[in-house]
Amino acid sequence: MTATREEKPGTASAPNLTSAALGGARRPMSGPATGGIDFGDRTYAVRFGRFSNLHRRRAVIVCGAIVVAILALGVVSLGYGTLALSPGEVLAALFDADASRAHRLVVFEWRLPRFLFAVLAGLALGASGAIFQSITRNPLGSPDIIGFSTGSYTGAIIVMLWIGSTSYYAIGVGALLGGAAVALAVYLLAYRKGLRPFRLIIVGIGASAMLASVNSLMMMRVSQEEAMLAAVWGSGSLSALGYAQLLPATLIFAALIVGCGFLGRPLAALEVGDDAALSLGVHANRTRAFSTLIGVALTALVTAAAGPIAFISLAAPQIARRLTNSASLQLLPSALVGALLLVAADLVAQLVDLPVGVLTVCVGGIYLAWLLVHEQTTKKGRQ
């Protein structure tokens, strides 16, 4: 693997157009008479055999800063609880074999799995949000808005209440099948001589509202104890998670990340438009279908273990886009921002003694209102 620095603006050929869509900040055309795009930021080409990718310096710096922030919040989170530990004691418990056995037990066995799953779930939700917002070319196109998260919740409820299983794997399969079924239904209903992103969002919002009513009806048809179990799980919490859920979730997530590795360039091409994507050799419908499958699986992975955690998928890609000053959405920064948001939200949830899903809904509702106002103001400004 080699890394080289690219400082000259590229020509407007297909590969450079794709590179610009991957994260180059769009600026006025400059360069020789043949035309060129000035990205305004140094890019680094990382090559591994036949494969290569471009990384902007600002994006790399932002990602590094986010990782440091996640680790810092992790130290604080691992120290919070009935047995309060200072950052020094937390680091000693993690890295010093001679540290107090009680401290190591609390940190490793009780608190570390929750923090690691917050990171894993945040990565999955952030990446899923970037995928769907890229497909729809709309900041509202996240799985919790267009019904895919609700579909995963419906599948999980059916497994818990009607099949009677509380197995992590059974709930996971139910969540995946529920999300996939809703995704297929929304896709077919939105397809009219091609897939229009805005139509997909409108149909998805309607499907989400309908499924929310179906979920409430199912919980009304069972005993109070069963309904309470589903309601508590549906609030979205990381408190009961341990290594038993973390290890299989990590393996599944690793497999999905491999799939995400094939989506970066095709999704960036789709943001330019279907015709431009076709000229770059990207089949729009196949890319959307494969991306939807990966995005639904990432959402179902989190829903199966912790319940539905809303608005991380909605906010993370847009925050990452502004931090990196990118012309298009990027999977890695979006995933890292999602992890940072969920780790921070879970820490606050512990402080106020609330499920993290309740907290993200409260904060996310405010963000959604701001986003709608901001989008409307932007459209009026363009007119």
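Residues numbered from 1 in each chain as written. Predicted model: local features only at pLDDT ≥ 70, side-chain atom pairs only at ≥ 80, totals over all residues. Heavy atoms only, no water.

Caption draft 1: Broad picture of the environment of Phe253. Turning to its location among the elements, Phe253 is positioned in helix 9 (residues 243-260). C-alpha of Phe253 to C-alpha of Leu120: the two residues are 133 residues apart in sequence and 7.9 Å apart in space. For Phe253, the residues in contact, after removing those within four places along its chain, are Leu120, Leu123, Ala124, Leu298 and Leu301. (Helix = DSSP H or I, 4+ residues; strand = E, 2+ residues; numbered from the N terminus. Contact = heavy atoms within 4.5 Å.)

Caption draft 2: Structural context of the packing of aromatic side chains. In this structure the tally under the stated criterion is four aromatic pairs. Seen in terms of ring centroids, Tyr153 and Trp233 are 5.6 Å apart; in terms of plane orientation they differ by 35 degrees. Their pairing is tilted. On the criterion of sequence distance, the pair formed by Tyr153 in helix 5 (residues 148-163) and Trp233 in helix 8 (residues 224-234) is long-range, its members being 80 residues apart. On the basis of relative accessibility, which here comes to 13%, the residue Tyr153 falls in the buried class. (Phe/Tyr/Trp six-rings, centres within 6.5 Å; stacked < 30°, edge-to-face > 60°. Buried < 20%, exposed > 50% of the residue type's maximum accessible area, 1.4 Å probe, protein only.)

Caption draft 3: Highlighting the side chain of Arg111. With respect to the helices and strands, Arg111 occurs in helix 4 (residues 101-136). This buried residue, Arg111, is left without a salt bridge; Glu89 holds the nearest opposite charge, at 8.3 Å. (Lys, Arg positive; Asp, Glu negative; His and termini not counted. Salt bridge = Lys/Arg side-chain N within 4 Å of Asp/Glu carboxyl O.)

Caption draft 4: Expanded view of the pattern of salt bridges. Inspection of the entire model under this criterion finds one salt bridge. Asp346 is the salt-bridge partner of Arg114, the closest N and O atoms lying 2.8 Å from each other. Taken together, the residues Arg114 in helix 4 and Asp346 in helix 14 (residues 331-352) connect sequence positions 232 residues apart.

Caption draft 5: Just the confidence of the model for the protein chain, in detail. Per-residue confidence for the protein chain gives a mean pLDDT of 81; residues scoring 70 or more make up 83%. In this model, residues 1-40 is a region of pLDDT below 50 whose contacts with residues beyond four sequence positions or in other chains number 76 contacts. (pLDDT = per-residue confidence, 0-100.)

Caption draft 6: Main features of the nonpolar core. Counting residues in hydrophobic clusters, the biggest one holds 73 residues, and the most contacted among them are Phe117, Ile131, Phe148, Leu238, Leu298 and Ile309. Here this core takes 16 residues from helix 4, the largest share from any one element. Those residues in contact with Ile131 that sit more than four places away from it in its chain are Cys260, Leu263, Leu267, Ser291, Ile294, Gly295, Leu298 and Leu331. If you look at the next biggest cluster of nonpolar residues, it comprises 16 residues, including Tyr153, Met160, Ile171 and Ala300. (Core = buried A, V, L, I, M, F, W, Y, C linked by side-chain atoms within 4.5 Å.)

Caption draft 7: Expanded view of the packing of helix 2 (residues 57-79) against helix 14. Running from amino to carboxyl end, helix 2 crosses helix 14 at an angle of 20 degrees, the nearest separation of the two axes being 10 Å. Between helix 2 and helix 14, the interaxial angle falls into the category roughly parallel. The two elements helix 2 and helix 14 meet at a crossing, and its hand is left-handed. In this structure, helix 2 uses Cys63, Ile66, Val67, Ala69, Ile70, Leu73, Val76 and Ser77 to contact helix 14, whose residues at the interface are Leu332, Pro333, Leu336, Val337, Ala339, Leu340, Val343, Ala344, Leu347 and Gln350. (Axes fitted to C-alpha atoms, helices over the stretch in contact; angles between N-to-C directions. Parallel < 35°, antiparallel > 145°, perpendicular 65-115°, else oblique. Left-handed = near helix turned anticlockwise from the far one by under 90°.)

Caption draft 8: Up close: a nonpolar patch on the surface. Where nonpolar side chains cluster on the molecular surface, the patch consists of Tyr80, Val348, Leu351, Val352 and Leu354 and spans about 410 Å² of accessible area. Among the secondary structure elements, Leu351 is positioned in helix 14. A relative accessible area of 51% means that Leu351 is categorised as exposed. (Patch = residues over 30% accessible without salt bridge, like charges linked within 9 Å, V, L, I, M, F, W, Y side chains within 5 Å. Areas by Shrake-Rupley, 256 points an atom, 1.4 Å probe, with all protein chains shown as cover.)

Caption draft 9: Quick look at unusual backbone geometry. Despite not being glycine, Arg137 has its phi angle at roughly 55 degrees, a positive value. By secondary structure assignment, the location of Arg137 is in the loop between helix 4 and helix 5. The exposure class of Arg137 is partly exposed, given its relative accessible area of 40%. For Phe311, which is not glycine, the phi dihedral falls at a positive 75 degrees. Examined against the element boundaries, Phe311 turns out to sit in the loop between helix 12 (284-306) and helix 13 (312-324).

Caption draft 10: Geometry of the packing of helix 2 against helix 3 (residues 87-95). Packing of helix 2 against helix 3 leaves a shortest axis separation of 9 Å and a crossing angle of 95 degrees. When the axis of helix 2 is compared with that of helix 3, the two are roughly perpendicular. On the side of helix 2, the interface is formed by Val75, Leu78 and Gly79, while helix 3 contributes Pro87, Val90, Leu91 and Leu94. Of the residues assigned to the contact of helix 2 with helix 3, the class counts are six nonpolar, one polar and no charged. (Nonpolar A, V, L, I, M, F, W, Y, C, P; charged D, E, K, R; others polar.)

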